[in-house]
Each structure stands twice: as C-alpha cells, then as structure tokens.
Amino acid sequence: MRTLLTGSKGQLARCFRDRLPENWELIATDSTSLDITDTEAVRNMVQNFQPDAIVNAAAFTAVDKAEAHVSTAFAVNATAVHNLASAARACQARFIHISTDYVFDGTNKTPYKEQDYTNPQSVYGRTKVSGELLALAANPDSVIIRTSWLFSEYGNNFVKTMIRLAGERDNLSIVHDQTGSPTYAGDLAQAIITLLQQPVAPRGIYHYGGNKSVTWYEFAQAIFQAAQQQDPDFKIPQLNAITTDQYPLPAPRPAYSIMDCQKIENECGIKASDWQKALNEIIGKLDN
C-alpha cells in the first residue's frame with residue numbers, strides 16, 4: 001500500500017512508521033516538506049505520489065497557544081484537513097484523520113459516543129470540530145478517529161513530563177478532577193494500520209482510547225509506579241491532588257472526556273488501548 005503520512009515528526013507518526021508493514025511504501029512529510037495548509041501543494045504531492053491512503057497525523061496541538069493563535073490553529077486543524085480529504089477523494093485514496101476528545105464539553109457522566117453532540121470549549125476544540133466537518137463534507141468516505149491523552153516513548157507528552165519533573169522536584173501538584181483515558185500512540189498507530197487493511201473501507205467517525213479511565217493525578221501515580229518497577233532507585237515525588245481551579249490555564253479542559261470505543265471494536269475488531277501494559281513497556285526507553 002502506498003501511504004502518504006503527514007506530521008511525520010510527531011509521536012503518532014513515529015509510532016506508525018515503527019509498525020509499517022514491510023511491503024508498504026511510505027512518504028512521510030512534515031511542515032518543511034509539505035505545507036498542508038497550501039491547497040496547491042497538497043494537490044501536487046498527491047497527484048505525483050498517487051497514494052492508496054493518506055493518514056493525517058499533523059495538528060496544531062498546543063492547546064493553550066491556540067487561544068492566541070486562532071488563525072494558525074484553524075489553518076492546520078481545519079483548512080489543511082479539507083485539503084487532504086479533497087485530494088484523497090480526487091485520487092480515490094482512503095483518508096484517515098485524527099481528532100480529539102476536546103470536541104466535547106466534558107459535562108457527560110457516561111462515555112461519549114460518536115454521535116453525541118459536540119460542544120468544544122476551547123479554540124483548539126473548535127478548530128478540530130471544524131476539521132472533522134470539513135473532511136466529511138469534502139470526502140464522505142473519510143475516517144475520523146477521535147482519541148485522547150496520547151502518550152508514547154516519542155515527542156512531548158504527559159508521561160515524559162512527569163518523569164522529567166520527578167527528577168527536578170520533591171513535590172508535584174497534579175489535577176485530580178479531570179477524568180479521561182490515556183492512549184498509547186503505538187496502539188493508535190496499529191489501529192490505523194488495521195483499518196487500512198480492512199477489505200471493505202470503513203467510513204465516518206470512530207472513538208479510540210484507553211481501556212481504563214483515570215484522573216491526571218491517578219495517571220501520574222501509574223507513571224511513577226511503572227518507573228520505580230523499571231528502576232528501584234527511582235524516587236517518587238510527593239503527589240498533591242489539586243482541582244482545575246487551582247491550576248488555571250488559558251484554554252479550558254474537559255472535566256470528563258472518556259470515550260466509548262465499542263463501535264471500532266464491533267465494526268473493525270480493534271480493541272481499546274491497553275495503556276497500562278504499554279506504559280510498563282516504554283517507561284525505560286523514553287526518547288529524549
């Protein structure tokens with residue numbers, strides 16, 4: 001399969017490349033090699049490469065920075081998605097786009113289903129909803145995968161931040177009133193590959209996340225326990241549970257962002273991410 005991958009330097013793309021089947025041909029692009037906000041550049045790349053699939057792992061993910069850089073966030077998270085979805089349709093390639101739990105307002109008490117009403121509370125969330133709508137409008141065969149709390153051995157993520165802070169501080173204050181499902185980027189990458197291998201191409205919106213929900217405080221506890229199992233000399237800092245109000249940020253976060261992943265399992269046989277197993281496997285090989 002000839003696959004065009006965007007956002008090649010991000011943690012999801014790097015995990016995708018690690019798992020790429022041997023007989024697949026890949027062009028991995030980043031912002032320096034392909035400006036996905038440039039309609040003509042995208043069209044030319046797709047026409048020249050003639051991919052069987054396009055996987056959009058690129059995004060403006062700086063949630064707080066998006067509050068002050070609205071036009072840039074919209075260009076990357078919405079306009080670019082429309083460009084890629086349109087180009088995929090023109091060459092009859094499958095198109096998979098990654099979205100987020102931030103499309104919801106976090107007021108649910110039960111896991112969010114794909115058809116639930118979106119009500120983003122941040123600029124980032126609004127640009128991601130726009131990207132979903134533009135993709136499906138331009139290419140009804142698009143696959144949108146909403147995911148949450150992504151981590152891996154690569155890039156910048158909560159796991160790596162906690163390990164770094166543990167080496168710098170004796171006390172850490174972690175938010176304990178936001179609940180979600182950590183997702184290992186390697187599991188999401190494999191899910192994407194599995195979707196592309198389906199003989200009948202899926203379409204529409206799917207949720208994919210971790211198989212156990214936790215708060216950020218509980219996630220930090222799990223990270224430090226895994227680190228100490230890997231290295232008995234690892235010093236676990238004193239953890240203090242705080243509320244969201246005690247740690248104000250420019251962009252509001254969903255208080256509850258657990259997503260129901262039954263649809264992708266029932267239709268495609270893809271099980272939720274076993275993030276605890278993945279955490280134990282990668283904790284000793286974090287990329288600096």
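The protein is annotated in an unreviewed UniProt entry as dTDP-4-dehydrorhamnose reductase from Neisseria macacae ATCC 33926. According to its UniProt record, the protein has this under Function (unreviewed entry): "Catalyzes the reduction of dTDP-6-deoxy-L-lyxo-4-hexulose to yield dTDP-L-rhamnose."

Peer 1: What am I meant to see in the overall build of the protein here?
Peer 2: Broken down by element type, the protein carries 10 helices and 12 strands. Since a compact globule built from 288 residues should have a radius of gyration of about 19 Å, the 19 Å found for the protein is in line with a globular shape. For the protein, the spread of C-alpha atoms along the principal axes amounts to about 55 × 40 × 40 Å. By residue count, 52% of the 288 residues in the protein fall in the buried class. A fraction of 80% describes how many contacts in the protein between residues 6 or more apart in sequence connect residues 24 or more apart. Put simply, the protein shows about 13,200 Å² of open surface, and 46% of that area lies on carbon and sulfur atoms. Taking the average place of the 25 positive charges on the side chains of the protein and the average place of its 31 negative ones, the gap between the two points comes to 2 Å.

Peer 1: For this particular structure, what's the right way to read the packing of aromatic side chains?
Peer 2: Geometry of an aromatic ring pair is reported as the spacing of the ring centres plus the angle between the planes. On inspection of all chains with the given rule, the structure shows 12 aromatic pairs. An angle of 10° between the planes, with centres 3.5 Å apart, marks the rings of Trp149 and Trp216 as stacked. Of the two residues, Trp149 sits in the loop between strand 5 (143-147) and strand 6 (150-151) while Trp216 sits in helix 8 (residues 216-230), which places them 67 residues apart along the sequence. Residue Trp149 shares its accessibility class with Trp216, and that shared class is buried. These aromatic residues form a ring-pair network of at least three members: Trp149, Phe151, Phe158, Tyr184, Trp216, Phe219 and Trp275. A cation over an aromatic ring shows up here: Arg2 above the ring of Phe49, its NZ or CZ 4.5 Å from the ring centre. Between Lys263 and the ring centre of Tyr206, over which it is positioned, the NZ or CZ distance is 4.6 Å.

Peer 1: Looking at this model, I keep getting lost on the pattern of salt bridges. Mind explaining?
Peer 2: Side chains that differ in charge, positive against negative, can pair when their charged atoms come close. Tallied over the entire structure, the rule returns 10 salt bridges. In this structure, Glu40 engages Arg43 in a salt bridge whose closest nitrogen and oxygen atoms are separated by 2.6 Å. Here the residue Glu40 and the residue Arg43 both occupy positions in helix 2 (residues 39-49), the gap between them amounting to three residues, near one helical turn. Classification of Glu40 as partly exposed rests on a relative accessible area of 42%. A salt bridge links Lys235 to Asp170, with the nearest nitrogen and oxygen atoms 3.5 Å apart. Of this pair, Lys235 sits in the loop between helix 8 and strand 12 (238-242) while Asp170 sits in the loop between helix 6 (158-166) and strand 7 (171-175); the two residues are 65 residues apart in sequence, bridging distant segments of the chain. You can call Lys235 exposed: its relative accessible area is 56%.

Peer 1: Where do I start with the pairing of strand 5 in this structure?
Peer 2: For a regular strand, side-chain orientation follows a simple rule: the groups alternate between the two sheet faces. For strand 5, the buried fraction is high: five of the five residues fall into the buried class. Here strand 5 shows a buried face lined by Val143, Ile145 and Thr147 and a second buried face lined by Ile144 and Arg146. The sheet contact formed by strand 4 (residues 94-100) and strand 5 spans five bridges and is parallel. When the bridges of strand 5 are listed, Ile96 appears paired with Val143. Since strand 4 and strand 5 lie parallel, the crossover through helix 5 (residues 123-138) that links them has a hand, and here it is right-handed. As defined by bridge partners, strand 5 adjoins strand 10 (residues 204-207) across four bridges and the pair is classed as parallel.

Peer 1: What should I look at first to understand the sheet that holds strand 5 in this one?
Peer 2: Remark on secondary structure: sheet strands pair via backbone hydrogen bonds, oriented parallel or antiparallel. Spatially, the six strands line up as an open sheet ordered 2-1-3-4-5-10, and their pairing is parallel. A strand with exactly one partner marks an edge of an open sheet, and here the two such strands are strand 2 (25-28) and strand 10. Strand-to-strand twist in this sheet, taken as the mean axis angle between neighbours without regard to direction, amounts to 20°. The strands touched by helix 7 (residues 185-196) within the sheet are strand 3 (53-56), strand 4 and strand 5, with strand 4 carrying the most contacts at an inclination of about 150°.

Peer 1: Help me understand the nonpolar core, please; the structure alone is not making it clear to me.
Peer 2: Nonpolar side chains in soluble globular proteins generally cluster together in the buried interior. Core analysis: the biggest nonpolar cluster contains 28 residues, and Phe151, Met162, Ile174, Phe219, Ile223, Phe224 and Leu279 have the highest contact counts within it. When contributions to this core are tallied by element, the ones reaching two or more residues are helix 6, strand 7, helix 8 and helix 10 (275-282). Among the elements that make up this core, the one with the highest residue count is helix 8 (nine residues). Residues in contact with Phe219, not counting those within four places in the same chain, are Trp149, Phe151, Phe158, Val159, Pro182, Val214 and Trp275. Residues Leu5, Ile264, Cys268 and Ile270 belong to the second largest nonpolar core, which totals 27 residues.

Quick notes on the rules
Residues numbered from 1 in each chain as written. Predicted model: local features only at pLDDT ≥ 70, side-chain atom pairs only at ≥ 80, totals over all residues. Heavy atoms only, no water. UniProt positions renumbered as here; feature names shortened; annotations may be inferred. Helix = DSSP H or I, 4+ residues; strand = E, 2+ residues; numbered from the N terminus. Rg over C-alpha atoms; globule rule 2.2 N^0.38 Å. Buried < 20%, exposed > 50% of the residue type's maximum accessible area, 1.4 Å probe, protein only. Contact = heavy atoms within 4.5 Å. Areas by Shrake-Rupley, 256 points an atom, 1.4 Å probe, with all protein chains shown as cover. Lys, Arg positive; Asp, Glu negative; His and termini not counted. Charge placed at Lys NZ, Arg CZ, Asp CG, Glu CD. Phe/Tyr/Trp six-rings, centres within 6.5 Å; stacked < 30°, edge-to-face > 60°. Lys NZ or Arg CZ within 6 Å of the ring centre and 35° of its normal. Salt bridge = Lys/Arg side-chain N within 4 Å of Asp/Glu carboxyl O. Pairing = 2+ DSSP bridges. Right-handed = clockwise from strand over helix to strand, strands pointing away. Axes fitted to C-alpha atoms, helices over the stretch in contact; angles between N-to-C directions. Core = buried A, V, L, I, M, F, W, Y, C linked by side-chain atoms within 4.5 Å.

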